[in-house]
Amino acid sequence: MNKFKLLFLIPLFYSEFSQAQRIDKEVISFQLLKEPVFPTELSNRNYMITVKSPYNITKDDVIRISKEDHQKKVDNYHTNVENAKYEHQERLKDYDAEVKKLQEKYKLESAEYSKLSAVEKIAATNGAPVLRLPSRPVLNIPSMPVYQQPDLRDALIVDNKILASQIDVTGFSKGGNYLDIVIEMERTNFQDNQGKTFANQPTKITAKQGGTVKLDKTYFSDFTEIASVPTNEINLNAQEKRSLQRTIDRIRNIINENFGYQTISSTVTLATVKNKGEYDDLEKAYIYVTTNLKKLQAKSDYAPNKVAMENMQKGIDLWKTALTKVNYNDKKAVYNQKIGEYLYFNLIRLNIALGNYQEAEKYLNELQEHLVDIKLSYDANLELKRLEEKIYNN
């Protein structure tokens with residue numbers, strides 16, 4: 001009975017880390033109008049987008065290209081047959097040489113084995129020599145090409161005007177040309193590497209704002225993995241269709257990052273350490289950040305937003321200063337590795353929620369450098385992976 005009473009005397013607190021440092025969390029929802037890299041006056045927020053791509057084709061074009069490809073295969077058929085015969089003859093030469101080599105080896109081993117006494121033959125580990133010959137190469141004549149109608153479901157039957165219509169600039173009206181954007185796309189290039197398929201689609205984006213060039217850059221030139229098998233095992237038409245859609249989505253993000261006025265509706269989980277007198281600055285930082293997050297509104301040129309962001313920065317600066325106090329080698333230190341973990345997670349979460357992905361990546365990299373000292377829980381590791389995905393897939 002006394003044991004049960006003792007159990008009920010133990011207080012139950014939500015604690016992510018240790019008993020010495022109780023960490024509480026709060027989920028905060030907010031809206032924010034994210035300012036672009038290149039601001040535009042409200043009266044001039046209109047745009048025009050022109051897409052230049054090799055995908056300006058029709059159904060008849062797809063069928064024509066398919067027939068042309070088939071005719072090329074027919075024209076090359078005789079050459080492919082002769083190449084197959086030649087390669088077969090070369091493999092036969094290698095085969096005959098290998099057979100002769102194995103026969104000579106077998107003859108020598110048999111002669112040596114015959115010299116052994118009966119007792120030595122019984123004791124021999126491998127027993128009597130055995131002649132094992134490889135399979136004789138088979139001539140594989142390629143089949144005559146047979147024409148098949150193209151699957152129009154996978155065909156890229158689009159035109160450049162349709163591609164342009166899929167890209168908009170948030171906060172702008174379509175129809176003017178104060179913001180004049182030209183997108184020049186290449187076809188998707190596929191490449192095999194170590195049994196996998198990689199692809200790129202170099203795309204140049206040129207943007208003029210009021211006649212002044214603000215953006216002139218080529219993107220997506222690096223090859224990235226799209227399949228864990230080589231190109232001859234995937235439907236390249238379907239992959240190219242998916243690649244084109246991914247590229248359009250990425251172009252839209254780049255344009256809006258630079259020019260659009262995007263409303264961010266976000267939630268962020270922020271942690272705070274229970275203050276026992278040692279963490280006055282951390283408590284002050286938490287109040288600065290959370291109270292000012294809740295004040296933000298998705299309005300352009302809204303003065304209270306500027307004040308809220310400035311006050312929020314005071315809390316962020318206190319967190320950054322606290323990071324310099326962390327002693328990762330002393331678990332009993334007031335600012336120990338657990339405090340460092342909670343600070344880094346707060347800074348990463350907050351910057352992702354605000355759309356500051358470069359800043360979030362900076363703190364992610366710093367946290368990863370300290371993971372030798374910081375022992376993350378299973379749940380913390382899962383969250384860290386999710387945060388990484390948000391940063392790198394943006």
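Each residue is numbered by its place in its chain's sequence as written, counting from 1. Totals for whole chains, interfaces and linings use all residues, but because this is a predicted model, local features are given only for residues with pLDDT of at least 70 and pairs of side-chain atoms are given and counted only at 80 or more. To obtain the side-chain values, all non-hydrogen atoms of the structure were included, while hydrogens and water were left out.

Caption draft 1: Broad picture of the overall build of the protein chain. Within the protein chain, the regular secondary structure consists of eleven helices and ten strands. Seen along its three principal axes, the alpha-carbon backbone of the protein chain occupies a region of about 90 × 75 × 40 Å. Contacts spanning at least 24 positions in sequence make up 74% of the contacts within the protein chain whose residues lie at least 6 apart. In these tables, accessible area is a Shrake-Rupley quantity obtained with a 1.4 Å probe, and a residue counts as shielded only by the protein chains included in the view. Working note: accessible area of the protein chain is about 24,600 Å², and carbon and sulfur atoms make up 50% of it. Going along the chain from the N terminus, every DSSP run of H or I of four or more residues is numbered as a helix, and every run of E of two or more is numbered as a strand. What makes two residues a contact is simply this: any of their non-hydrogen atoms within 4.5 Å.

Caption draft 2: Here's a closer look at the side chain of S266. Along the chain, S266 falls in strand 10 (residues 262-273). When neighbours within four sequence positions are excluded, S266 is seen to be in contact with I28, S29, F30 and A353.

Caption draft 3: Looking closely at helix 8 (residues 303-323). The length a helix should cover is 1.5 Å for every residue beyond the first. Helix length check: helix 8 (21 residues) gives 31 Å between terminal C-alpha atoms against 30 Å at 1.5 Å per residue, within 8%. Relative accessibility thresholds used throughout: buried, under 20% of the residue-type maximum; exposed, over 50%; partly exposed, between the two (1.4 Å probe, protein chains only). When we look at burial in helix 8, the residues that qualify are N305, A308, M312, G315, I316, W319, A322 and L323. Seen end-on, helix 8 carries its buried residues on one side only, within an arc spanning 105°. Residues of helix 8 that are exposed and angled more than 90 degrees away from the buried face: A303 and K306. Looking at the packing, one finds that the buried side of helix 8 touches strand 1 (23-34), strand 10, helix 7 (280-293) and helix 9 (337-353). The arc in question is the one traced by the directions running from the helix axis out to the C-beta atoms.

Caption draft 4: Structural detail: the nonpolar core. Joining through side-chain atoms within 4.5 Å is the link that ties buried Ala, Val, Leu, Ile, Met, Phe, Trp, Tyr and Cys residues into a set, and such a set is a nonpolar core. In terms of nonpolar packing, the biggest core is built from 45 residues, with L270, L282, L293, W319, Y342, L343 and L350 touching the most fellow members. With near-sequence residues (within four places) excluded, L343 lies in contact with L282, W319, A322, L323 and V326. Listed in part, the 28 residues of the second largest apolar core include I49, L156, F220 and L244.

Caption draft 5: Just the sheet that holds strand 3 (residues 173-174), in detail. The five strands are arranged 3-2-4-7-8 in an open sheet whose pairing can be described as mixed. In the strand order of this sheet, the two ends are held by strand 3 and strand 8 (212-219), each with one partner. Relative to strand 3, strand 2 (residues 46-52) is paired through two bridges, and the arrangement is parallel. The residue of strand 3 that forms the bridge with N46 is S173. Each axis is a line fitted through C-alpha atoms, and for a helix only the stretch in contact is used; angles between axes span 0 to 180 degrees, taken between their N-to-C directions. The strands touched by helix 6 (residues 236-258) are strand 4 (179-185), strand 7 (203-209) and strand 8; relative to strand 4, the strand with the most contacts, the crossing angle is about 150°. Only strands that DSSP links by at least two bridges are regarded as paired with each other.

Caption draft 6: Focus on the sheet that holds strand 9 (residues 224-227). Overall, antiparallel pairing links the three strands, which are arranged 5-6-9 in an open sheet. Of all the strands in the sheet, the pair left with one neighbour each is strand 5 (189-193) and strand 9. Strand-to-strand twist across the sheet, computed as the mean angle between neighbouring axes with direction ignored, equals 45°.

Caption draft 7: Here's a closer look at the pairing of strand 8. Where strand 7 and strand 8 come together, seven bridges link them in antiparallel fashion. Paired with T203 across the two strands is Y219, which belongs to strand 8. In this antiparallel pair of consecutive strands, strand 7 and strand 8, the connection spans two residues, and G210 shows a positive phi of 60°.

Caption draft 8: Representation of the packing of aromatic side chains in the model. Note on aromatic pairs: the rings of Phe, Tyr and Trp (six-membered ring only in Trp) are paired at centre separations within 6.5 Å, and the planes decide the class, stacked below 30 degrees, edge-to-face beyond 60, tilted for the rest. This model, assessed by the stated rule, comprises four aromatic pairs. Here, a charge over a ring is recorded when the distance from Lys NZ or Arg CZ to the ring centre is within 6 Å and its angle to the ring normal is within 35 degrees. For R45, the ring lying beneath its charged end belongs to Y261, and the centroid distance is 3.6 Å.

Caption draft 9: Structural detail: the UniProt feature "coiled-coil region" (unreviewed entry) in the protein chain. UniProt positions are given in the numbering used here, feature names are shortened, and annotations may be inferred rather than shown by experiment. Mapped onto this numbering, the UniProt entry annotates "coiled-coil region" (unreviewed entry) at residues 67-112 and 350-377. Between the C-alpha atoms that bound residues 67-112 there is a distance of 65 Å. The span itself is 98% helix and 0% strand. Span residues 350-377 is 61% helix and 0% strand, its end C-alpha atoms 21 Å apart.

Caption draft 10: Main features of the pairing of strand 4. Of the two faces of strand 4, only the one carrying L179, I181, I183 and M185 is buried; D180, V182 and E184 on the other face are not. When strand 2 meets strand 4, the two strands line up parallel, connected through six bridges. For K52, the partnering residue across the bridge sits in strand 4 and is E184. Across seven bridges, strand 4 lies against strand 7 in antiparallel orientation. What sits directly across from I181, in strand 7, is A207.

Caption draft 11: Layout of unusual backbone geometry. In this structure, Q194 is a non-glycine residue whose phi angle is positive, near 55°. Among the structural elements, Q194 can be located in the loop between strand 5 and strand 6 (196-200). Located in the positive-phi region is F220, a residue other than glycine, with phi close to 65°. Here F220 lies in the loop between strand 8 and strand 9. Judged by its relative accessible area of 12%, F220 is buried.

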